[in-house]
Amino acid sequence: MPMPSGFRERLLPLLPGIAAHFGTPFHVYDEMGIRRTGEALKQAFAGVPGFREYYAVKALPNPEILRIMQELGFGFDCSSVAELVLARQLGARGDDIMFTSNNTSQEEFAAALSDGGCILNLDDISLVEKAPRLPDLVCFRYNPGSVRSGNSIIGAPEEAKYGVTPAQLLPAFQKARERGATRFGLHTMLASNELNADYMIKTVAMLLEVIEQVGRELSARFEFINIGGGLGIPYRPEQPVFDVEKLGKEASILLHEFAQRNAWQPRIYMESGRYMTGPHGVLVTTAINHKDIYRTYVGVDASMSALMRPGMYGAYHHVEVLGKTPGPQDPVVDVVGSLCENNDKFAVQRKLPKVADGDLLIIHDSGAHGHAMGFNYNGRLRPKELLLKQNGVVALIRREETLADYFATLTFEPEIFQPLAEAPAQTS
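Residues numbered from 1 in each chain as written. Predicted model: local features only at pLDDT ≥ 70, side-chain atom pairs only at ≥ 80, totals over all residues. Heavy atoms only, no water.

Colleague: So what's going on with the overall build of the protein? Which residues, and what values?
Modeller: The secondary structure content of the protein amounts to 13 helices and 17 strands. In terms of overall dimensions, the protein has C-alpha extents of about 75 × 70 × 40 Å along its principal axes. Here the protein holds 428 residues, and the buried ones make up 54% of them. Only carbon and sulfur atoms are counted for the fraction: they give 52% of the accessible area of the protein, which is about 19400 Å². With 42 positive and 50 negative side-chain charges, the protein shows a spacing of 3 Å between the two charge centroids. (Helix = DSSP H or I, 4+ residues; strand = E, 2+ residues; numbered from the N terminus. Buried < 20%, exposed > 50% of the residue type's maximum accessible area, 1.4 Å probe, protein only. Areas by Shrake-Rupley, 256 points an atom, 1.4 Å probe, with all protein chains shown as cover. Lys, Arg positive; Asp, Glu negative; His and termini not counted. Charge placed at Lys NZ, Arg CZ, Asp CG, Glu CD.)

Colleague: Explain the nonpolar core to me, and be specific about the residues and the numbers.
Modeller: Counting 83 residues, the largest nonpolar core has Phe45, Phe140 and Leu247 as the members making the most contacts within it. Among the elements that make up this core, the one with the highest residue count is helix α9 (residues 197-218) (12 residues). With residues near it in sequence (within four places) discarded, Phe45 still touches Phe51, Val244, Leu247, Gly248, Ala251 and Met270. (Core = buried A, V, L, I, M, F, W, Y, C linked by side-chain atoms within 4.5 Å. Contact = heavy atoms within 4.5 Å.)

Colleague: Any details on helix α8 (residues 166-178)? Residues and values, ideally.
Modeller: Leu169, Ala172, Phe173 and Ala176 are the residues of α8 that are buried. Each buried residue of α8 sits inside an arc of 95 degrees when the element is viewed along its axis, so together they form one side. Within α8, the exposed residues directed more than 90 degrees away from the buried face are Ala167 and Glu178. On its buried side, α8 packs onto α7 (127-130), β6 (137-141), β7 (183-187), α9 and β8 (222-226). Gly180 occupies a position one or two residues after α8 and carries a positive phi of about 110 degrees. (Arc of directions from axis to C-beta.)

Colleague: If you had to explain the side chain of Asn226 to someone new, which residues and values would you point to?
Modeller: Inspection of the secondary structure assignment puts Asn226 in strand β8. When near neighbours in sequence (up to four residues on either side) are disregarded, Asn226 contacts Met98, Leu186, His187, Thr188, Leu207, Tyr269, Met270 and Glu271.

Colleague: So what about the side chain of Glu53? Which residues, and what values?
Modeller: Locating Glu53 in the fold gives a position in strand β2 (residues 52-56). For Glu53, which is buried and forms no salt bridge, the nearest opposite charge comes from Arg52, at a distance of 9.2 Å. A distance of 2.9 Å separates a polar side-chain atom of Glu53 from the backbone nitrogen of Ser272. Leaving out residues up to four positions away in the same chain, Glu53 has contacts with Leu41, Phe74, Gly75, Met270, Glu271, Ser272 and Met276. (Salt bridge = Lys/Arg side-chain N within 4 Å of Asp/Glu carboxyl O. Polar contact = N/O pair within 3.5 Å; in protein donor to acceptor, adjacent residues only side chain to side chain.)

Colleague: Which residues make up a nonpolar patch on the surface, and what values do they have?
Modeller: Residues Leu403, Tyr406, Phe407, Leu410 and Phe412 make up a contiguous nonpolar surface patch of about 560 Å² in total accessible area. Positionally, Phe412 belongs in the segment after α13 (403-407). We classify Phe412 as exposed; its relative accessible area is 58%. (Patch = residues over 30% accessible without salt bridge, like charges linked within 9 Å, V, L, I, M, F, W, Y side chains within 5 Å.)

Colleague: Lay out the sheet that holds strand β4 (residues 94-100) in plain terms, naming residues and giving numbers.
Modeller: With parallel pairing, the eight strands of this closed barrel are ordered in space as β2-β3-β4-β5-β6-β7-β8-β9. Here the strands of the sheet are splayed against their neighbours by 25 degrees on average, with no regard to which way each runs. (Pairing = 2+ DSSP bridges. Axes fitted to C-alpha atoms, helices over the stretch in contact; angles between N-to-C directions.)

Colleague: Can you lay out the environment of Arg8 for me, pointing to particular residues and giving the numbers?
Modeller: Take Arg8: it is sitting in helix α1 (residues 5-11). Ignoring any residue separated from it by four or fewer positions in sequence, one finds Arg8 in contact with Met3, Pro13, Glu320 and His364.

Colleague: I'd like a rundown of the packing of aromatic side chains, residues and numbers included.
Modeller: Think of a pair of aromatic rings as described by two things: how far the centres are apart, and how the planes are tilted against each other in angle. For the structure shown, the criterion picks out 10 aromatic pairs. On the numbers, 5.0 Å between centres and 55 degrees between planes, the contact of Tyr54 with Tyr269 is tilted. Taken together, the residues Tyr54 in strand β2 and Tyr269 in strand β9 (residues 267-270) connect sequence positions 215 residues apart. Centre to centre, the rings of Phe258 and Trp264 are 4.9 Å apart; their planes meet at 85 degrees, and the pair counts as edge-to-face. Judged on exposure class, the residue Phe258 and its partner Trp264 are both buried. The rings of Phe140, Phe173, Phe184 and Phe222 are connected pair by pair, giving a single aromatic cluster. Seen from the ring of Tyr162, Arg141 lies directly overhead, with NZ or CZ sitting 4.1 Å from the centre. (Phe/Tyr/Trp six-rings, centres within 6.5 Å; stacked < 30°, edge-to-face > 60°. Lys NZ or Arg CZ within 6 Å of the ring centre and 35° of its normal.)

Colleague: Tell me about the pattern of salt bridges, residues and numbers included.
Modeller: All told, the structure shown has 23 salt bridges when counted by the stated rule. It is possible to trace a salt-bridge network through shared partners that takes in Asp95, Asp136, Arg183, Glu223 and Arg267.

Colleague: Before we move on, can you summarise the pairing of β4 with the specific residues and values?
Modeller: Counting buried residues in β4 gives five out of seven residues, a clear majority hidden from the surface. Strand direction decides the pairing type here: strand β3 (residues 75-78) and β4, joined by three bridges, are parallel. Across the sheet, residue Cys78 finds its bridge partner in β4, namely Phe99. Of the pairings in the sheet, the one linking β4 to strand β5 (residues 118-122) comprises four bridges and is parallel in character. Each residue of the ladder has a partner; that of Gly94, found in β5, is Cys118. Following the backbone out of β4, through helix α6 (residues 106-113) and into the adjacent parallel β5, one traces a crossover that is right-handed. (Right-handed = clockwise from strand over helix to strand, strands pointing away.)

Colleague: Give a detailed account of the packing of α8 against α9, specifying residues and quantitative values.
Modeller: The geometry of α8 relative to α9 is characterised by a closest axis approach of 10 Å and an angle of 50 degrees between their N-to-C directions. Between α8 and α9, the angle is such that the two are oblique. Along this stretch, α8 crosses α9, giving a crossing that reads as right-handed. Taken together, the residues of α9 that come into contact with α8 (itself represented by Leu169, Leu170, Phe173, Gln174 and Arg177) are Val210, Val214, Glu217 and Leu218. Here the residues of the contact of α8 with α9 sort into six nonpolar, one polar and two charged. (Parallel < 35°, antiparallel > 145°, perpendicular 65-115°, else oblique. Left-handed = near helix turned anticlockwise from the far one by under 90°. Nonpolar A, V, L, I, M, F, W, Y, C, P; charged D, E, K, R; others polar.)

And the structure:
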């Protein structure tokens, strides 16, 4: 979507100076916008006792961003050892961390269960036995199968690799109890970048129905349901904004009805990433080439390694040219990077004001799954990250990668495995 108006007003006048000082390309994030979204989310769920957001670290794993989330009172949703380390460096421990992994290794279990622990959110019934031990509070990720639909990003639930089936759910909690768990939660995530609040309301109702039934069979009260992430943002200008107020209001009603039937009620958690930071970041890049063949191409100094969503998903990201106003006679162009891949495109057949070499292009909504999904194909190096602070200062919060970083893993102590020259004799 077009940048939030406050972000635009704060950033655009500064952008030529920022680009001259730091050099392009870079991602820049808006602290004030992030904080306002966080406060609005809390307000929307003010009628839901115990509500808590667990920020999805994978969306934007930068310590400065995570510190903002912590100051908002949020926990952290982690899915790897590195993400656990980032959260714990800020002092997060125990119930501040939801560890939601899949195909979890012993190394990951060890990290999750050490240093203050976490809420362990298990993706598979087999992991109950594979975990070296279970904490007091255990959650399972629920996959309802064909009774619910997903969307194009995360896929249909019955085709997704995630979660425990309805038939496995009660045995999973019973096995967890046998291994020492005494407190329970239930999680699901069925869609990604969902713009329809009714879909998420239906997810709240589904989880409440499941814990009501399973809780009765277990003779246990569930402490929370986690409706996952998936709250969407309008990448396209014509798309609606997600109605978070409606979700909070309807969730409160559903909880009240649940409490009337059961004389208890769970807390509601969520793990939004994109919704929290996506609109509050942009990728700024400089036009460096103009090519006319079968199409017109605008070449920029960023590539897909800095923002892979368009190349990976065909995703739309709004693009504007700093200081130039769109008009009816704008040329149609592809905005492309320099990777040796034809899908290295930020925009395809997009009408943009005529771009000259040296113009700054602003690629919107890079505040989630932008830098975080970066990679090094062709030896391309990931760009720096900046934060536009509330006081108007722009700070470097991650430097750009260097060639020394790229070649660092080629410096190591020699090590070989010498196979036996002959196979050992077989014994009878």
